[in-house]
Structure formats: C-alpha cells, structure tokens
Amino acid sequence: MTTRPVTRQTFDEVLVPTYAPSAMVPVRGAGLDLWDQNGKQYLDFTSGIAVNSLGHCHPVLVEALTKQANTLWHLGNGYTNEPVLRLALALTEATFADRAFFCNSGAESNEAALKLARKHAHTKYGAHKSRIVSCFHSFHGRTLFTVSVGGQAKYTEGFEPLPPSIDHIPYNDIEAAQMAITDDVCAVVVEPVQGEGGVVPADADFLKELRALCDKTGAVLIFDEVQCGMGRTGELFAYMGYGVTPDILTSAKALGNGYPIGAMLTTNELAKSLGVGSHGTTYGGNPLAATVALNVLETINQPAFLARVKEASKNLVATLQKLAADYPQVFSTVRGSGLLLGMVVAESFKGRSKDIQKAAEAHGLMLLIAGTEVVRLAPALIVSDAQIAKADSLLRAALDDLLKAA
C-alpha cells in the first residue's frame, strides 16, 4: 500500500474537492528547490504559503525532529513536556507576552484568541460586551467562527447561519474604526499585513488608533500574525516594526516550517480568564511540533538573520519594480512588507493572476496569488540574491509567453 503508484488524477478520485491543485506533484525539496514526479526542477517562491521560511528540509530542523522522534512523540494534556516548556519560555522572552497556548494551526490560534477575548470580557464586564470588530478582506482561518470573523463573503456563503455579533470595517480606515469600536466591543482583530486580502500592509496610524480605541473601550486588541510573523517582515513579529503592542498575538505557518503548530501569545491578565478545562486541544504542545518550532525560532530570531531578510526584501522589491516597469501592460504596482510581496495586475490583466501563476510554473517558478488581481511572492527567508535574479528571469520568460499568446 505504501508504494502504490499515485498521480494528480488520484486526488480527483479520492480527496474531497476543496482544492484545485497544480497538475504537477512535488516529491522532493531542498532549500528553495522542488522536484516533481517527472524530475522537473522548480524554484519555490511560495514557501507553502509563507510556511517553509527556512526552506525545504532545513538540516537543523531535520536533525532536531529526527532526534525528538526517537525520544518522545506524544502525551495527553494531563502531562506537560520539556520541548513545549522550552518553546513557551523562548516565545515569551522574545515578545510582549507572558503566556502561550499551543495548538495545531492558524485557525485554531485565532479561535483560541477570540474565545479568550469573549471570556475575558464576559468575566470582567458582563455578557453585553461581546461584539467583535474585524476588517473586510481579512483572513483568520476556516473554522465557522474564524471564517465569519474574516471579512470575505465568498468563504461564508452556504454555511449560514453564522455566529452573531461580528462586524467589519474597511482596512486602514480610521474613521470607520472610530465609529465601530464602542463599549460593547470585546475584541478587535487585525492582520498587520493582509495576506489573502491582497498583500496590503497596515498604516501605522491605523494600528495606533486601534490600540487607542481598545484602551478607551476595554476591548482586546488581537494581531493575527499567522502569515506575516516569524521574520517575514524583517522583524520577528510585525508588531515590533510598528511599535504597537497587541494584547493577544497569533502565530502558526512559519512557526513550524511545515510541521503543524499554532500559538496564541498573551498577557498574565488575560490568560487567567481561561482556567482549567475552559479550552484545549489534543495535539497542542506536542513534543515533535514544539521541538521543531523552537529550532525555527532560534534560527530566525538572530540579528544577522533578520538583517538579511530586510536586505533580501530591498533587492526583491527593486527587482519586481523594474519588472513591473518593463511590463506595464501586466503589472501596475508592487506592495507588501519584507518578503511578503504582491504584484498588482494592470487593468488589461484584471482577473488573470492565475494565468500568470500558471505561466510561471510552466517555466519552473512557483508563485502564489491573492485573489484574481494580485500575484503574491513569499519566498523562504533564506532566499539568495542569485535566486531572486533567477526568479526574475523565469517570470520574464513566462510573461513573454503570455503576451505572445494574447
């Protein structure tokens, strides 16, 4: 059974059709390089959607995981373990937080954050303080609660009735925030950089106003850094670059570099609202996941490493701006933060981000999209200048083919 041949067609035969994966099936990776079933090589500028920030099969992580796999895999939550204790210490020492809760994904991290905010408000102020304010075009996960908090109707259609007391405001709209965040709000949740919503960074003044409004009304400020955290912006977490500290921060994706793990970080004051039995998860804090995450954190959270991310970002931004200038019929602008960047398509290419992605893949370059209007790039944080130049060359060849076929 373990060696039975499988192909892309197997997906269509046996998996629930919630995805439409590429025709090629990757089988091996190293760094930013991937190889498919036919032996074709690709340059991966997706990082598994900003997950593999240290690339594929990073030797430090492979060694750490292998050692832990031969030591201890899993314990029920009636016990703790050394790897998760070390990870919690490392994260709290590196951030504003006093406490950590571990789970398995970004959605679960945000679910925990939202439940904590509601529980805290209920305990401290009463049941009337329950409303949650989020932003349109945000993305916070796929549970019914988190997908309702995310401001994209396409992800909630057909799943009604949705959880109540959730409102949305335009991203970066200070006036709308001032109107929406009143005394009945228990939580405001925001991505410092909207990823799925088009790779849009928050304005510093917007985040500062959210902080001020939460302080005024007693609401909890939640930063969803599932995609933009763990070094992606050139800071360990994006809030550090903005100088705005949240009450709760959520992390996942790159925290485990591909091994499933999520974290909710918060303060002592808030954490006490979740007592024994009020929340939990079977796999959260698993020794294997915690071991990998600690090694990821210790690798990324180094001044030289983060400085290189900023340097690589400047190079990639300049490269993409030159490419956009050379192909004005395809791209209008470049935006984003650090190594989470988006190329907005021009008017003549509206709705065709997927076509660009497919053309690039045909030339051996893997890219992401953020809706139909943005091509998203999220290479591993270890990307070299030579790999940035190669990506530029491959994308230019892909665009030439697209334009010839037009």
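Residues numbered from 1 in each chain as written. Predicted model: local features only at pLDDT ≥ 70, side-chain atom pairs only at ≥ 80, totals over all residues. Heavy atoms only, no water.

Turning our attention to the nonpolar core. Phe 45, Phe 331, Met 343 and Ile 356 are the most contacted members of the largest nonpolar core, which totals 86 residues. Excluding residues within four positions of it along the chain, Ile 356 makes contact with Val 330, Phe 331, Val 345, Phe 349, Val 375, Leu 395, Leu 399 and Leu 402. Ranked by size, the runner-up nonpolar core spans 20 residues in total, among them Phe 101, Ala 113, Ala 187 and Met 264. (Core = buried A, V, L, I, M, F, W, Y, C linked by side-chain atoms within 4.5 Å. Buried < 20%, exposed > 50% of the residue type's maximum accessible area, 1.4 Å probe, protein only. Contact = heavy atoms within 4.5 Å.)

With that settled, consider unusual backbone geometry. Look at the link from Glu 160 to Pro 161: it is a cis peptide, with omega at 5°. Of note, Pro 161 is situated in the loop between α6 (144-149) and β6 (166-169). You will see that Asn 257, though not glycine, has its phi angle at about 50°, which is positive. Structurally, the position occupied by Asn 257 is in the loop between β11 (248-251) and β12 (262-266). (Helix = DSSP H or I, 4+ residues; strand = E, 2+ residues; numbered from the N terminus.)

Ordered in space as β4-β12-β11-β10-β7-β5-β6, the seven strands form an open sheet in which the pairing is mixed. The open sheet has two free edges, formed respectively by β4 (99-103) and β6, since each of these has just one partner strand. Ignoring strand direction, the axes of neighbouring strands in this sheet form an average angle of 20°. Bridge analysis of strand β5 (residues 131-135) against β6 gives four bridges, and the strand direction is parallel. From the neighbouring strand, Ser 134 faces β6, where its bridge partner is His 168. Strand contacts of helix α4 (residues 82-94): β4 and β12, with the helix running at about 130° to β4, the strand carrying the most contacts. (Pairing = 2+ DSSP bridges. Axes fitted to C-alpha atoms, helices over the stretch in contact; angles between N-to-C directions.)

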